[in-house]
Amino acid sequence: MFITLESDYAVRIVSALCKSGEKLDAKSISEQTGVTLRFTLKILRKLVSAGLVKSFKGTKGGYIIEDDPKDITLRTVIEAIEGRYYFSRCLSPDCECNAGNEDVCNHRKAFAEVSELVRDRLDTYNFYDLVCSAEPSPLKEEK
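Just so it is clear, the model here is predicted, and its values are computed rather than measured.

Reading the values: rules and limits
Residues numbered from 1 in each chain as written. Predicted model: local features only at pLDDT ≥ 70, side-chain atom pairs only at ≥ 80, totals over all residues. Heavy atoms only, no water. Helix = DSSP H or I, 4+ residues; strand = E, 2+ residues; numbered from the N terminus. Buried < 20%, exposed > 50% of the residue type's maximum accessible area, 1.4 Å probe, protein only. Contact = heavy atoms within 4.5 Å. Areas by Shrake-Rupley, 256 points an atom, 1.4 Å probe, with all protein chains shown as cover. Core = buried A, V, L, I, M, F, W, Y, C linked by side-chain atoms within 4.5 Å. Expected span 1.5 Å × (residues − 1). Arc of directions from axis to C-beta. Axes fitted to C-alpha atoms, helices over the stretch in contact; angles between N-to-C directions. Parallel < 35°, antiparallel > 145°, perpendicular 65-115°, else oblique. Nonpolar A, V, L, I, M, F, W, Y, C, P; charged D, E, K, R; others polar. Pairing = 2+ DSSP bridges. Salt bridge = Lys/Arg side-chain N within 4 Å of Asp/Glu carboxyl O. pLDDT = per-residue confidence, 0-100. Patch = residues over 30% accessible without salt bridge, like charges linked within 9 Å, V, L, I, M, F, W, Y side chains within 5 Å. Lys, Arg positive; Asp, Glu negative; His and termini not counted. Charge placed at Lys NZ, Arg CZ, Asp CG, Glu CD.

Caption draft 1: Structural context of the overall build of the protein chain. Scanning the protein chain from N- to C-terminus turns up seven helices and two strands. Written out in order from the N terminus, the α and β elements of the protein chain read α-α-α-β-β-α-α-α-α. Taken across its 143 residues, the protein chain has 34% of its residues classed as buried. Put simply, of all contacts in the protein chain between residues at least 6 apart along the chain, 61% involve residues at least 24 apart. As displayed, the protein chain has an accessible area near 9200 Å², and 51% of this comes from carbon and sulfur atoms.

Listed below in structure tokens is the structure:
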């Protein structure tokens, strides 16, 4: 199981913007991240819509990170692209449980617990620690 390519690229784009600390045009972001310009623009629209990135129009336009990198987590970026993280589709509000009574479904309870664990863990990784700081991230400490 993997996050989608779009979320992977969004993490790269946010990382580039956090590392830069200044306004970058979409072409520069595309080149720095290895993401096609067209896909970069699509992802940037979602990041702007989520309030993570600010866009500037015109010939001197570009994109800049909206918040302090310490306040932007992996969960924030992934959920800006994918929506709320659920381990299984059966947890999403628009899904009807086809296994019977969803109130007593053991699978649903387990999936909900795993979903919460993943969301909580993704919240422990912020972009300051991941790309701006010389300090090791929590992932590096566990190895």
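Caption draft 2: Fine view of the nonpolar core. In terms of nonpolar packing, the biggest core is built from 26 residues, with V14, L17, L44, L47, V53, V77 and F127 touching the most fellow members. Elements represented by at least two residues in this core include exactly α1 (5-20), α2 (26-33), α3 (37-49), β2 (62-65) and α4 (74-82). Sort the elements by how many residues they give to this core and α1 lands first, with seven residues. Look past the residues within four positions of L47 in its chain and what remains in contact with it is A10, I13, V14, L52, V53, V77, A80 and I81.

Caption draft 3: Quick peek at helix α5 (residues 106-122). Taking 1.5 Å per residue as the helical rise, α5 with its 17 residues ought to reach 24 Å, and the 25 Å between its terminal C-alpha atoms agrees with that figure. When α5 is considered as a whole, its buried residues turn out to be R108, S115, R119 and L122. Buried residues of α5 fall within an arc of 65° about the axis and therefore sit on the same side. What points out from α5, more than 90 degrees from its buried face, is the exposed set N106, E113 and L117.

Caption draft 4: Highlighting the packing of α1 against α3. Where α1 contacts α3, the two axes come as close as 10 Å, and the packing angle between them is 80°. The orientation of α1 relative to α3 falls into the category roughly perpendicular. Packed against α1, whose contacting residues are E6, Y9, A10, I13, V14 and L17, the element α3 presents F39, T40, K42, I43, L44, K46 and L47 at the interface. Residues that form the contact of α1 with α3 fall into these classes: nine nonpolar, one polar and three charged.

Caption draft 5: Summary view of the pairing of β2. Bridging between strand β1 (residues 53-56) and β2 involves four bridges; their strand directions are antiparallel. What sits directly across from S55, in β2, is Y63. Turn length for the β1-β2 hairpin, with the two strands adjacent in sequence and antiparallel, is five residues, and the turn residue G58 shows positive phi of about 100°.

Caption draft 6: Focus on the pattern of salt bridges. Overall, the coordinates contain six salt bridges when judged by the stated rule. Ionic pairing is found between R75 and E79, a salt bridge with its closest N-O pair at 3.2 Å. Here E79 and R75 lie together in helix α4, a separation of four residues that amounts to about one turn. Judged by relative accessible area, R75 falls into the buried class, the value being 16%.

Caption draft 7: Geometry of the confidence of the model for the protein chain. With 87% of its residues at a pLDDT of 70 or more, the protein chain shows a mean pLDDT of 87. The least confident element of the protein chain, judged by mean pLDDT, is helix α7 (residues 138-142) at 49; the most confident is α3 at 97.

Caption draft 8: Representation of a negative patch on the surface in the model. On the surface, a cluster of negative charge is contributed by E66, D67, D68 and D71. Topologically, D71 is positioned in the loop between β2 and α4.

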